[in-house]
Amino acid sequence: MLKEIIKGIYRDKFARIAFLVLAFIYFCLFFADIIAPYTKDYTDRQLSYVPPSPVFTIDENGKFSRPYTYNYKREYDADLMQTVFKLDRSKKYYLKFFARGEEYDFLGVIPMDRHLVTVDSDGRLYLLGGDINGRDVFSRLLFGGRISMTIGFLALLVLFPIGLLYGGISGYFGGITDTLMMRFAEAVMSIPSFYLLIILAAILPSNMTSTQRLILIVVILALIGWAGFARVVRGMVLSVKNQEFVQSAKMIGASNLRIIIREILPQTTSYVIVAMTLSVPSYILSESGLSFLGLGIQQPDASWGNMLKEAQEYMNILYRPWLLTPGFLIFVAVLSFNLIGDTIRDVLDPKSRMR
């Protein structure tokens, strides 16, 4: 099955590109501490809303040069009646690769101070500009993406075991057990999930850390998402529970739980793989939506949702378009997951293969 999925993704041009995009994103997020020029807590209040740092490879004489940049200096424009940033060309700051910079713990364990690209300590390299607090947007995108791009998988680790076991038990036993279990699942499905998320997130204590909020968001997403999955699994179990291999397991004295877990649920593998791939984007959007509304991950910790919140003001959209970068990355990630999910569904669907 895995070989068929890999071949299907490789044959489909769009799925292949989507897979490479996601692989690149997760690679960058895994090595975020090294790739980011600054740590997630770095700030320079003098660079609030500073534009992206231009990188030059041709000097003032028209000759090729080592990559370098200039610092910005703040000035007040009386005509525009606002603060503007202008390049201070009095000193060049050459880019240094794998050089020493701010200290950090790689993956929270290994002490390191090497960064992929940086400049001297008195220089500033804001590749995607700064936010209202003078923090490097590029660095925060990397650290924030760790939350936004992993929360879906964390939710699935809770959701799918519950849904599989619940749907398997309901379909296998049938009768009054099946009726009661499915009515409860339908009651859960009738709850408007996003509004429930907003209510539950709003009543959480304000002194909770972002890690605690992340865990609660994962649990909430899982507890309201398992019912629909369990209902489909139950239907698949009903179609296979009377087949010969299940009757054979009963004849040799296997317990009901063993039959459900070892014999019946593996028959749903194709659907589970497709459902997992197509479910991740919805959880990414749910977390981003909550953080955008200020009910998810809280500042100063970053996620793509709370970073995008800053771009909701039209002045920022017009004059500081780099603040929209998190929204673009959310769009790319969700589209990539959907393309791969559609391809996997076509590969594992027998009718699709026949066509």
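As shown above, the structure is provided for reference.
Nothing here was measured: the structure is a model prediction, and the numbers come from that model.

### Description of the packing of helix α5 (residues 151-173) against helix α11 (residues 269-292)
Here is step 1: At a minimum axis separation of 9 Å, α5 and α11 run at an interaxial angle of 130°. As far as their axial angle goes, α11 and α5 are oblique. The way α5 lies across α11 gives a crossing that is right-handed. Touching Ile151, Gly152, Phe153, Ala155, Leu156, Leu159, Phe160 and Leu164 of α5 are Val272, Ala275, Met276, Ser279, Val280, Tyr283 and Glu287, all from α11.
Here is step 2: Taken together, the residues of the contact of α5 with α11 break down into 12 nonpolar, 2 polar and 1 charged.

### Side note on the environment of serine 291
Here is step 1: Along the chain, the position of serine 291 falls in helix α11.
Here is step 2: Spatially, the C-alpha atoms of serine 291 and tyrosine 94 are 37 Å apart, while their sequence positions differ by 197 residues.
Here is step 3: Excluding anything up to four places from it in sequence, serine 291 contacts Gly296, Ile297, Ser303, Gly305, Asn306 and Lys309.

### Overview of the pattern of salt bridges
Here is step 1: Per the stated rule, a full pass over the model turns up 14 salt bridges.
Here is step 2: When the shortest N-O distance is used, the salt bridge between lysine 96 and aspartate 120 registers 3.0 Å. Of this pair, lysine 96 sits in strand β4 (residues 96-106) while aspartate 120 sits in the loop between β5 (110-118) and α4 (137-148), and the two are 24 residues apart along the sequence.
Here is step 3: Residue aspartate 120 is classed as partly exposed on the basis of its relative accessible area of 34%.
Here is step 4: Between aspartate 178 and arginine 234 there is a salt bridge, with the nearest N and O atoms lying 2.6 Å from each other. A residue pair is termed long-range when its members are at least 10 positions apart, and aspartate 178 in helix α6 (residues 175-189) and arginine 234 in helix α8 (residues 210-240) qualify at 56 residues.

### As for the sheet that holds strand β2 (residues 64-77)
Here is step 1: The 3 strands are arranged β1-β2-β3 in an open sheet whose pairing can be described as antiparallel. Only two strands of the sheet have a single partner each, and these edge strands are β1 (56-58) and β3 (82-94). When the angles between neighbouring strand axes are averaged without regard to direction, this sheet yields 40°.
Here is step 2: In this structure, β2 lies alongside β3, joined through 9 bridges in antiparallel fashion. Residue pairing in the sheet places tyrosine 72 in a bridge with leucine 87 of β3.

About the cut-offs
Residue numbering note: each chain is counted from 1, following its sequence as written. Residues qualify for local features only when their pLDDT is at least 70, as the model is predicted, and side-chain atom pairs are given and counted only at 80 or more; totals for whole chains, interfaces and linings, by contrast, use all residues. The basis for the side-chain values is all heavy atoms of the structure; hydrogens and waters are excluded. The angle between two axes is taken between their N-to-C directions and runs from 0 to 180 degrees, where each axis is a line fitted to C-alpha atoms and a helix contributes only its stretch in contact. Going along the chain from the N terminus, every DSSP run of H or I of four or more residues is numbered as a helix, and every run of E of two or more is numbered as a strand. Angle categories are assigned with fixed cut-offs, so that under 35 degrees is roughly parallel, over 145 is roughly antiparallel, 65 to 115 is roughly perpendicular, and the rest are oblique. If you view the pair so one helix is near and one far, a crossing is left-handed when the near helix is turned anticlockwise from the far one by less than a right angle, and right-handed when it is turned clockwise. Note on definitions: a residue-residue contact is assigned when non-hydrogen atoms from the two residues lie within 4.5 Å. Any residue that is not Ala, Val, Leu, Ile, Met, Phe, Trp, Tyr, Cys, Pro, Asp, Glu, Lys or Arg is counted as polar, Gly included; the first ten are nonpolar and the last four charged. One speaks of a salt bridge when a side-chain nitrogen belonging to Lys or Arg is within 4 Å of a carboxyl oxygen belonging to Asp or Glu. Throughout, exposure labels follow a simple rule: accessible area from a 1.4 Å probe, protein chains only, divided by the maximum for the residue type, with under 20% read as buried, over 50% as exposed, and the rest as partly exposed. A pair of strands counts as paired when DSSP detects no fewer than two bridges linking them.

Just distances and angles here, no functional claims.
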